[in-house]
Every structure is written in structure tokens, then in C-alpha cells.
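So the chains spell out like this:
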Amino acid sequence: MDASTLARFLRRRFDRDHPYGFRLTLAGLVAVAAFSLFFFAVDSVMREADLDRLDAPVHDAVFEAVGPGREDLVWDVTWFGNHDTVTVLVWLLSAALLAIRRPMLAFRVAFASGIGGLLVAQLKLFFHRARPLDQVVPATGYSLPSGHAFASTVLYGMLAYLVWRLVRAPAVRWAAVAAAVVVAGAVGLSRIYLNVHYFTDVVAGWAMGAAWLSTVLAAVHVAEHGWTMRAQRRADGRRAG
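Residues numbered from 1 in each chain as written. Predicted model: local features only at pLDDT ≥ 70, side-chain atom pairs only at ≥ 80, totals over all residues. Heavy atoms only, no water.

Q: Could you clarify how one ought to interpret the nonpolar core in this entry?
A: Looking at soluble globular proteins, one finds that nonpolar side chains tend to be buried together. Counting residues in each nonpolar core, the largest one holds 48 residues, and the members touching the most others are Phe38, Leu97, Val109, Ala112, Met158 and Leu162. Elements represented by at least two residues in this core include exactly α2 (22–47), α3 (55–66), α5 (83–99), α6 (103–127), α7 (147–166), α8 (170–193) and α9 (199–240). The element that contributes the greatest number of residues to this core is α9, accounting for 11 residues. When neighbours within four sequence positions are excluded, Phe38 is seen to be in contact with Leu123, Phe127, Pro145, Ala204, Ala207 and Met208. (Core = buried A, V, L, I, M, F, W, Y, C linked by side-chain atoms within 4.5 Å. Buried < 20%, exposed > 50% of the residue type's maximum accessible area, 1.4 Å probe, protein only. Helix = DSSP H or I, 4+ residues; strand = E, 2+ residues; numbered from the N terminus. Contact = heavy atoms within 4.5 Å.)

Q: Just to check I follow, could you spell out the packing of α3 against α8 for this structure?
A: How two helices sit against one another is set out by the angle between their axes and by the gap between those axes. Close contact between α3 and α8 brings their axes to 9 Å; oriented N to C, the two are set at 100°. Classified by the angle their axes make, α3 and α8 are roughly perpendicular. The segment α3 lies against α8, with Val58, His59, Val62, Phe63 and Val66 engaging Leu189, Ile192 and Tyr193. By residue class, the composition of the contact of α3 with α8 is 7 nonpolar, 1 polar and no charged. (Axes fitted to C-alpha atoms, helices over the stretch in contact; angles between N-to-C directions. Parallel < 35°, antiparallel > 145°, perpendicular 65-115°, else oblique. Nonpolar A, V, L, I, M, F, W, Y, C, P; charged D, E, K, R; others polar.)

Q: Explain the environment of Ala219 to me, please; I cannot follow it from the model alone.
A: Among the structural elements, Ala219 can be located in helix α9. Residue class for Ala219 comes out partly exposed when judged on its relative accessible area of 45%. Sequence spacing of Ala219 and Ala27 is 192 residues, and the spatial spacing of their C-alpha atoms is 9.6 Å.

Q: Looking at this structure, how should I read the side chain of Ser94?
A: Mapped onto the secondary structure, Ser94 falls in helix α5. At a separation of 2.8 Å, a polar atom in the side chain of Ser94 contacts the main-chain carbonyl oxygen of Val90. Ignoring any residue separated from it by four or fewer positions in sequence, one finds Ser94 in contact with Ala106, Val109 and Ala110. (Polar contact = N/O pair within 3.5 Å; in protein donor to acceptor, adjacent residues only side chain to side chain.)

Q: How should I be thinking about the side chain of Ser190 in this particular structure?
A: Turning to its location among the elements, Ser190 is positioned in helix α8. Look at Ser190 and you get buried, because its relative accessible area is 3%. Within the structure, the side chain of Ser190 is placed 2.5 Å from the backbone oxygen of Val187, a separation counted as a polar contact. Discounting residues that sit within four places of it in the chain, Ser190 has contacts with Val74, Val77 and Thr78.

Q: Is there a simple way to explain the packing of α5 against α6 in this structure?
A: Axis separation between α5 and α6 bottoms out at 7 Å; the angle between their running directions is 165°. With respect to each other, α5 and α6 are oriented roughly antiparallel. Here α5 and α6 pass one another in a crossing that is left-handed. Within the contact between the two elements, α5 uses Val90, Leu93, Ser94, Leu97 and Leu98 and α6 uses Pro103, Leu105, Ala106, Val109, Ala110 and Ser113. (Left-handed = near helix turned anticlockwise from the far one by under 90°.)

Q: Can you walk me through a nonpolar patch on the surface in this structure?
A: Taken together, the side chains of Phe107, Phe111, Ile115 and Leu118 present a nonpolar region at the surface, about 350 Å² in accessible area. Structurally, Ile115 is set in helix α6. With relative accessibility at 35%, the residue Ile115 sits in the partly exposed group. (Patch = residues over 30% accessible without salt bridge, like charges linked within 9 Å, V, L, I, M, F, W, Y side chains within 5 Å. Areas by Shrake-Rupley, 256 points an atom, 1.4 Å probe, with all protein chains shown as cover. Salt bridge = Lys/Arg side-chain N within 4 Å of Asp/Glu carboxyl O.)

Q: Can you help me understand unusual backbone geometry in this one?
A: Apart from glycine, the bulk of residues carry a negative phi angle, and the bulk of peptide bonds sit in the trans form. Here the amide bond leading from Leu144 into Pro145 is cis, since omega sits at -5°, within 30 degrees of zero. Structurally, the position occupied by Pro145 is in the loop between α6 and α7. With a phi angle near 35°, His128 is a residue other than glycine that sits in the positive phi range. Here His128 lies in the loop between α6 and α7. Of note, Asn195 is a non-glycine position whose phi angle comes to about 60°, a positive value. Within the secondary structure, Asn195 sits in the loop between α8 and α9. Residue classification places Asn195 among the buried residues on the basis of a relative accessible area of 13%.

Here is the structure:
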């Protein structure tokens, strides 16, 4: 590949108007970075090295920062990542998008969270890591990755994406992104405080959630553009005939 060909390729990848330009490039970069972090966290657990060594210190730091006796407050925070909460919000959000005739956006929401839930369940079975002892609240099932961290990253990340797509005001867009980061971050930290997950479980949940969300958005974008182009060609063919 010569310099001019490479330059054209890069211009297309960062072209905001090209269907396979900046948005797809950004989603790909986020997915690669997030998948890398996920595998790093899992490798740390398997080898009992690197991030794994931070599990106990991070739990102690989170517990001290929030303070003892704050279980009710932390439980309220973790509620935002509960399965029932996420399920209801996904249904309501999908219904609202269908009501305003945005079926592809509704599909993104339902697919990302619905299939994502199945994905994280299979990952838990695959790694079968036991939960921490001395839990503040009882939790069953395997620990890696954190389902709450995953689900909140996907759902609230999707909400930020929808605001970015549907709202023009930059301040509102960036506020939505910041809110998504804060909520997903707080949900993950709440699981560490309650000692139902290790720090590495939560990092893996955040990372896989970001990777999955980016992959879904990129894949649906490519598929939607392909359908649009095929429909356009069929319409052009009918007019020409």
C-alpha cells in the first residue's frame, strides 16, 4: 500500500459523513481497547497476578471511602444494575422508540441488552469463579464477570448513544455521556463495597460491556447501511424499468 492509498484510507476512516467513516472507526477502537482490558483482567485472575493483586486493596479502599453502615445507600445504587431494573428499562425504552417510529434504535436497545445478558451468563459459567466470602448481602452464582457492571455499562451507554443520536445540543450530549459513566461506575463500585464481586470481576464487566456495546452498534450500523443501499438500488431499478 503506497502513501497516497494509505492517506485515502485514513481519510475515509475519519470522515464524519462517510457511512463507514468516523463513527465506525471510533466503535472499532473502543471495542479493541475494551476487549484488550477484558482479556487482561481475566488473565490476571487466571495467573493471580497484576490486577488480581488489587482485589483486596480496592475493596478496602472503597469500603473506607463510603464508610461502614452505608449498606442501604449502596443497595440503592446497585439497584440501577439489577436484572429486573434493567429489563424494565429496556422494555420501556424500546417501546418509547417504537412509539416515535425509530424501530432500528429500538432493535439496538433490545438486542444489546437481551443478547448481552445471555453472553455474560455464559461467561460466568465458563470462568466459574467463586464469589468473595463475607458478603454484605447474599449473592449466588459465579462472580466473573460482574453482571451488574456489564448490564449497567450496556444500558446506560446505550442511553448516552441515543441522546447523542437524537439531541443536537452539545451540552446535553456530553452530560448524557458523563451520566452514563457515573452510573455504570457507581454500580460497579457498589458491588465491590457489598463484597459480592472482586475488583477484577467489575473491571471485566465494565470492559466486556463496553466491548459488546461498541460491537453491536458497529454491526447494526453496517447492516442498516447495507439494507438501505440495497433498497435504494431496487428502487432505482424499478424507476429505470
